[in-house]
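# Fold and contact review
Each chain, letter by letter, is given below.
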Amino acid sequence: MFDKHPKGLIAAALANLGERFGFYTMMAILVLFLQAKFGMNGKEAGFIYSTFYFSIYILALVGGIIADKTRNYKGTIFTGIVLMAVGYLLLAIPSKTPVDNQTFYLVITCASLFVIAFGNGLFKGNLQALVGQMYDNPQYASMRDSGFSLFYMFINIGAIFAPFAAVGVRNWWLSTFGYNYDADLPALCHGHLAGTLSPEATETYHTLVEKASSVPVQDYTAFASDYLNVFTTGFHYAFGVAIIAMVISLTIYLLNKRNFPDPSKKAAASSSSSSATVEMSIQEVKQRMYALFAVFGVVIFFWFSFHQNGLTLTYFAKEYTDLNLFGMPISAELFQSLNPFFVVFLTPVIMAIFASQRRRGKEPSTPKKIAIGMGIAALAFIVMAVGSYFANLPLHKDIIAVGTSPVKVTPFLLMLTYLILTVAELYISPLGISFVSKVAPPKYQGIMQGGWLGATALGNQLLVIGAILYESIPIWMTWTVFVVACTISMFTMIFMLKWLERVAK
C-alpha cells in the first residue's frame with residue numbers, strides 16, 4: 001500500500017494515529033462531559049465546544065507562522081505533542097461533582113482546552129506540511145492525492161477506537177459503584193438538585209433511577225449527587241486515556257524523525273544549487289493565494305455542517321435515538337466511531353474509483369472532487385431532515401418537560417447519515433489538504449496549511465448556531481439549514497471550477 005510513496009509517509013501517519021486517538025477520545029465525550037459536570041444546556045455546551053474547535057484550527061495558523069519563520073517544523077511538532085499531553089493531564093484530574101465553585105472549575109477546564117488547542121495548532125498543520133513536502137520530489141508528485149488519502153485513512157484508525165475507550169472507562173467506573181449508564185439521567189439529576197423538574201420529568205427521573213441502580217434507592221437527592229460524581233469521574237479518567245495516546249504518538253514521532261524532510265536544509269540546498277528553480281513571479285503568487293482563499297471560503301460551510309457530529313448529532317443520539325442495536329444497549333458517544341470507521345474502510349474504495357478514472361483519463365480535478373463532496377454532504381443532511389420530519393419528533397423544549405423523548409428513531413438513521421458524510425469528507429478533506437500543498441507557493445507552505453485549518457476554524461465557530469437551532473426550532477428544520485449551506489457551497493465551487501483548475505496546473 002505504501003510501496004510507491006515516500007518512506008516518511010507511514011511514520012507521519014503512525015504519529016498522527018496516536019495523536020488522533022487521544023484527541024477523539026476527548027471529543028467523543030466533551031459536550032456530554034460539560035453537560036454532566038456543570039449542568040449546562042445544549043447552547044452553553046455548544047458555545048464552549050465550538051469555541052474550542054475554532055481555537056484548535058485558528059491556532060494552526062499561528063503554528064504555521066512559527067514553523068515558517070523558524071523553519072523548524074520538527075521542533076514545532078514536538079512541542080505541540082508535549083503541550084497536548086499537558087492539557088489532557090489537567091482534564092484528567094478528578095474534581096467533585098456537583099461542582100462547589102463552578103466558575104473556578106470551568107476556568108480550569110477552559111484553560112486545559114486552550115493548552116490542548118495550542119498544542120494541536122503547533123502539531124497538526126505542520127505535520128501535514130511535512131507530508132506535502134515529501135511529494136515535492138518529482139518521483140512521487142503524481143501520487144500526492146493518493147498519499148494524502150492514505151495519510152487521512154491511517155490516522156482515522158485511532159479515531160475508530162477512541163469513543164470505545166472513553167465509553168469503556170466511563171461505564172466501567174459506573175459499574176464499579178453499582179450503576180448503569182443512562183443517557184438521560186445526568187440532565188435529570190441536575191434538574192432534580194436544582195428543583196426545576198416538572199411533575200412529568202420527576203416521574204421519569206424516578207423510573208430511570210430505579211433502572212440505573214443495582215440496589216433500591218431511598219434518597220433520590222443523594223442518588224443524584226452520587227451518580228453525577230461517579231459519571232463525571234469516569235469521564236475524567238477517560239481523558240487520561242488521551243495522555244497514554246500522546247506518549248505513544250511522541251515515541252513514534254521521535255523514532256522516525258529522520259525520515260521526515262527538513263525544510264531548512266532543502267532551502268539552503270536550493271539557494272546554493274546552480275540548478276535551483278526560478279522563484280515564482282508576484283503575479284503567480286497572487287493568483288495562487290487568491291485561489292486558496294476562495295477554496296477556504298467555500299469549505300467554511302462544509303465544516304460548519306460536518307463537525308455537527310460532535311455537537312447536534314451527538315445530542316440527537318442522546319435524546320432522540322433508540323440506544324439499542326440488535327437488542328444490545330449502546331452509548332450515544334459510540335456513534336462518533338462510525339465516521340473514522342467508514343474513513344478507514346471507504347478510503348481504498350474511493351482511491352480505487354479515482355485510480356480507475358485516472359487510467360481512463362477521466363479523473364475529476366481536485367476542485368471538482370471538492371464540489372462533488374459538497375453535494376454528497378447536502379445529501380447526508382437531507383436524510384436526517386426527512387427521517388426527522390416523518391418521525392414527527394417533538395421539539396426539544398417538549399422533551400425537557402417530560403425528561404425524555406416519547407419518540408425515538410432507529411439508530412440506522414444516524415448510521416446512514418455518517419456513512420454519507422464520510423464519503424463527502426473523503427472527497428473534501430484529504431484532497432483539500434493536497435490541493436493546498438500543491439498550489440501554495442513554496443515559501444508559504446506552512447502558513448497556507450494553517451490557512452486551510454483557519455477556514456476550518458471559522459466553520460467550527462459557527463457550530464454553535466446548530467446548537468441554538470437544535471433547541472429552538474423543529475429538528476428537521478435544523479438539518480435543512482445544513483442542506484442549504486452545503487448546496488450553496490457546491491454551486492460556488494462549480495462556478496469557480498475552471499479558474500481553480502487553471503491555477504492548479
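Because the structure is predicted, anything quoted here is derived from the model rather than measured.

Moving on, we come to the overall build of the chain. Of the regular secondary structure elements, the chain holds 19 helices and two strands. The C-alpha radius of gyration computed for the chain amounts to 23 Å, which stays within 12% of the reference 23 Å derived for 505 residues, consistent with globular compactness. Each principal axis of the C-alpha atoms in the chain carries an extent, and together these give about 85 × 45 × 35 Å. Residue burial in the chain is summarised as follows: out of 505 residues, 58% are buried. As displayed, the chain offers around 20100 Å² of accessible surface, 67% of which is attributable to carbon and sulfur atoms. Once the 33 positive and 25 negative side-chain charges of the chain are each reduced to a mean point, those two points are 17 Å apart.

As assigned here, the chain comprises domain 1 (1-265) and domain 2 (279-504). Of note, the centres of domain 1 and domain 2, computed from C-alpha atoms alone, are 20 Å apart. If you look at the interface, domain 1 gives 57 residues, while domain 2 gives 61 residues. Carbon and sulfur atoms make up 63% of the area that domain 1 and domain 2 hide from each other, which totals about 4900 Å². Here domain 1 and domain 2 share one salt bridge between them. The residue Arg 170 makes a salt bridge to Glu 333 at a minimum N-O spacing of 2.9 Å. The interface formed by domain 1 and domain 2 contains eleven residue pairs in polar contact (both at pLDDT 80 or more). Taken together, the elements giving at least two residues each to the side of domain 1 that touches domain 2 come down to helix 2 (30-38), helix 3 (42-70), helix 5 (102-134), helix 6 (144-176) and helix 8 (199-212). Residue classes in the side of domain 1 that touches domain 2 are distributed as 32 nonpolar, 17 polar and eight charged.

Spanning 29 residues, helix 3 covers 41 Å between terminal C-alpha atoms, matching the ideal 42 Å at 1.5 Å per step. Phi turns positive, to about 55°, at Arg 71, one or two residues after helix 3.

Packing of helix 3 against helix 5 brings their axes to within 7 Å, and their N-to-C directions diverge by 40°. By the angle between their directions, the pair helix 3 and helix 5 is classed as oblique. For helix 3 against helix 5, the interelement crossing comes out right-handed. Between helix 3, through Ile 48, Phe 52, Ser 55, Ile 56, Tyr 57, Leu 59, Ala 60, Val 62, Gly 63, Gly 64, Ile 66 and Ala 67, and helix 5, the contact on the second element is made entirely by Leu 106, Cys 110, Leu 113, Phe 114, Ile 116, Ala 117, Phe 118, Asn 120, Gly 121, Leu 122, Lys 124 and Asn 126.

Before going further, it helps to examine helix 9 (residues 220-255). Over its 36 residues, helix 9 runs 54 Å from end to end, which matches the ideal 52 Å to within 8%, given 1.5 Å per residue. Taking the backbone nitrogen of Thr 221 as reference, a side-chain oxygen 3.0 Å away marks Asp 219 as the first, capping residue of helix 9.

Our focus in this paragraph is the nonpolar core. Of all hydrophobic cores here, the largest spans 175 residues; its most connected members are Met 26, Phe 52, Phe 223, Phe 316 and Trp 452. Shared between two domains, this core holds at least three residues of each, these being domain 1 (1-265) and domain 2 (279-504). Excluding its chain neighbours within four sequence positions, the residues that come into contact with Phe 316 are Thr 321, Met 384, Ser 388, Leu 393, Val 409, Leu 413, Leu 414, Tyr 470, Ile 475 and Trp 479.

What counts, and at which threshold
Residues numbered from 1 in each chain as written. Predicted model: local features only at pLDDT ≥ 70, side-chain atom pairs only at ≥ 80, totals over all residues. Heavy atoms only, no water. Helix = DSSP H or I, 4+ residues; strand = E, 2+ residues; numbered from the N terminus. Rg over C-alpha atoms; globule rule 2.2 N^0.38 Å. Buried < 20%, exposed > 50% of the residue type's maximum accessible area, 1.4 Å probe, protein only. Areas by Shrake-Rupley, 256 points an atom, 1.4 Å probe, with all protein chains shown as cover. Lys, Arg positive; Asp, Glu negative; His and termini not counted. Charge placed at Lys NZ, Arg CZ, Asp CG, Glu CD. Domains from an automatic or database assignment. Contact = heavy atoms within 4.5 Å. Buried area = accessible area lost by both parts, 1.4 Å probe. Salt bridge = Lys/Arg side-chain N within 4 Å of Asp/Glu carboxyl O. Polar contact = N/O pair within 3.5 Å; in protein donor to acceptor, adjacent residues only side chain to side chain. Nonpolar A, V, L, I, M, F, W, Y, C, P; charged D, E, K, R; others polar. Expected span 1.5 Å × (residues − 1). Axes fitted to C-alpha atoms, helices over the stretch in contact; angles between N-to-C directions. Parallel < 35°, antiparallel > 145°, perpendicular 65-115°, else oblique. Left-handed = near helix turned anticlockwise from the far one by under 90°. Core = buried A, V, L, I, M, F, W, Y, C linked by side-chain atoms within 4.5 Å.

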